[in-house]
Amino acid sequence: VDCMWGSWSACTVECGNGTRTRDISQAATNSGKDCTGPSTEICIITSCTATHLSALGATAKQNGDYPDRPVTLAIDGSPTIVTGQSIGSDTCAATINSTNPWLQIDLKAAYLVSRVRAIIFGSSGQNVNVHVGNSVTNNGLDNHICGIPPYDSSTNTDAIWRDVSCSPPVWGKYIVSQRIVTYRFLEVCEVTFNYELEIAILE
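Residues numbered from 1 in each chain as written. Predicted model: local features only at pLDDT ≥ 70, side-chain atom pairs only at ≥ 80, totals over all residues. Heavy atoms only, no water.

Asks: Can you walk me through the overall build of the protein chain in this structure?
Replies: Within the protein chain, the secondary structure is distributed over 0 helices and 12 strands. Walking the protein chain from its N terminus toward its C terminus, one meets helices and strands in the order β-β-β-β-β-β-β-β-β-β-β-β. A burial count over the protein chain gives 43% of its 203 residues as buried. (Helix = DSSP H or I, 4+ residues; strand = E, 2+ residues; numbered from the N terminus. Buried < 20%, exposed > 50% of the residue type's maximum accessible area, 1.4 Å probe, protein only.)

So this is what it looks like as structure tokens:
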């Protein structure tokens, strides 16, 4: 009697990338053939709406930390929104003063990103390109530019959400924000994103 697999289980997620499993329902006997193939496989659920995630659990780097403004403050899951005032040193990440400063987030998996939301403080939100993609070349700055967050000079003293839509959605493991400026800093308080699907990347 040959080995026989049982049915696959339901996917472990309702949307995006998950796994499903199966068990042997009949073991081989009397010189029958053994079961072949995996007992676990990836399943992808596409019939779902876009999911919103914070970047909490990701890793990040920037082109130098401003004193007391480590890059981890941009992915700590604690968004800070203020208007008309300065912000504390323990709330937002900031780069050193440089030409075209940047901040890169490694999401640890590739997502089909449809929107990036970032709290960018004041004039740091001016002339910012948001890149999404899977390449680490040039710190991810060679990846596709989803767009430029809207900027209004009247918000120069505000830390507010600034949105970029990726249309069409872009596959990416990395989200990189770069401020195009001669010699200034980039100040980011929090980054979140919307995605349609997720594909795990093993490292």
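Having seen it, we continue.
Asks: Looking at this model, I keep getting lost on the nonpolar core. Mind explaining?
Replies: In globular proteins that are soluble, nonpolar side chains generally tend to be buried together. Grouped together as the largest cluster of nonpolar side chains are 29 residues, with contacts concentrated most on Leu103, Ile105 and Val132. Residue assignment for this core shows that the elements contributing at least two residues are strand E8 (102-121), strand E9 (128-133), strand E11 (159-179) and strand E12 (187-200). Counting residues per element, this core draws most heavily on E8, which supplies 9 residues. Counting residues in each nonpolar core, the second largest holds 5 residues, with Ile119, Phe121, Ala159 and Cys189 among its members. (Core = buried A, V, L, I, M, F, W, Y, C linked by side-chain atoms within 4.5 Å.)

Asks: Whenever I open this one, the side chain of Asp106 confuses me. Can you help?
Replies: Here Asp106 lies in strand E8. Of the residues examined, Asp106 reaches a relative accessible area of 9% and is grouped as buried. A distance of 2.9 Å separates the side chain of Asp106 from the backbone nitrogen of Lys108, its partner in a polar contact. The residues contacting Asp106, other than those within four sequence positions of it, are Ala58, Thr59, Lys173 and Tyr174. (Polar contact = N/O pair within 3.5 Å; in protein donor to acceptor, adjacent residues only side chain to side chain. Contact = heavy atoms within 4.5 Å.)

Asks: What should I look at first to understand the pairing of E11 in this one?
Replies: Every other side chain in a regular strand lies on the same face of the sheet, so the side chains alternate between the two faces. Two elements, E8 and E11, share 15 bridges in a ladder whose sense is antiparallel. Among the inter-strand pairings, Ile105 is bridged to a residue of E11, identified as Ile175. Judged from the 6 bridges that link them, E9 and E11 form a sheet pairing that is antiparallel. Across the sheet, Gly133 pairs through a bridge with Tyr174, a residue of E11. (Pairing = 2+ DSSP bridges.)

Asks: Would you explain the pairing of E9 in this entry?
Replies: Counting buried residues along E9, 6 of its 6 residues qualify, which places the element largely inside the surrounding structure. Judged by which residues are buried, E9 turns out to be covered on both faces: Val128, Val130 and Val132 on one side and Asn129, His131 and Gly133 on the other are all buried.

Asks: What is the right way to read the state of the cysteines from this model?
Replies: Disulfide: a covalent bond formed between the sulfur atoms of two cysteine residues. Evaluated as defined, the whole model comprises 3 disulfides. A sulfur-sulfur separation of 1.7 Å characterises the disulfide bridge that pairs Cys3 with Cys35. A torsion of -95° about the S-S bond marks the disulfide between Cys3 and Cys35 as left-handed. Taken together, the residues span a long stretch of sequence, with Cys3 in the segment before strand E1 (4-5) and Cys35 in the loop between strand E3 (24-26) and strand E4 (40-45) at a distance of 32 residues. At a sulfur-sulfur separation of 2.0 Å, the disulfide partner of Cys146 is Cys166. Sign of the S-S torsion, about 110° for the bond between Cys146 and Cys166, identifies this disulfide as right-handed. Of this pair, Cys146 sits in strand E10 (residues 144-147) while Cys166 sits in strand E11, and the two are 20 residues apart along the sequence. You can call Cys166 buried: its relative accessible area is 4%. (Disulfide = S-S within 2.5 Å.)

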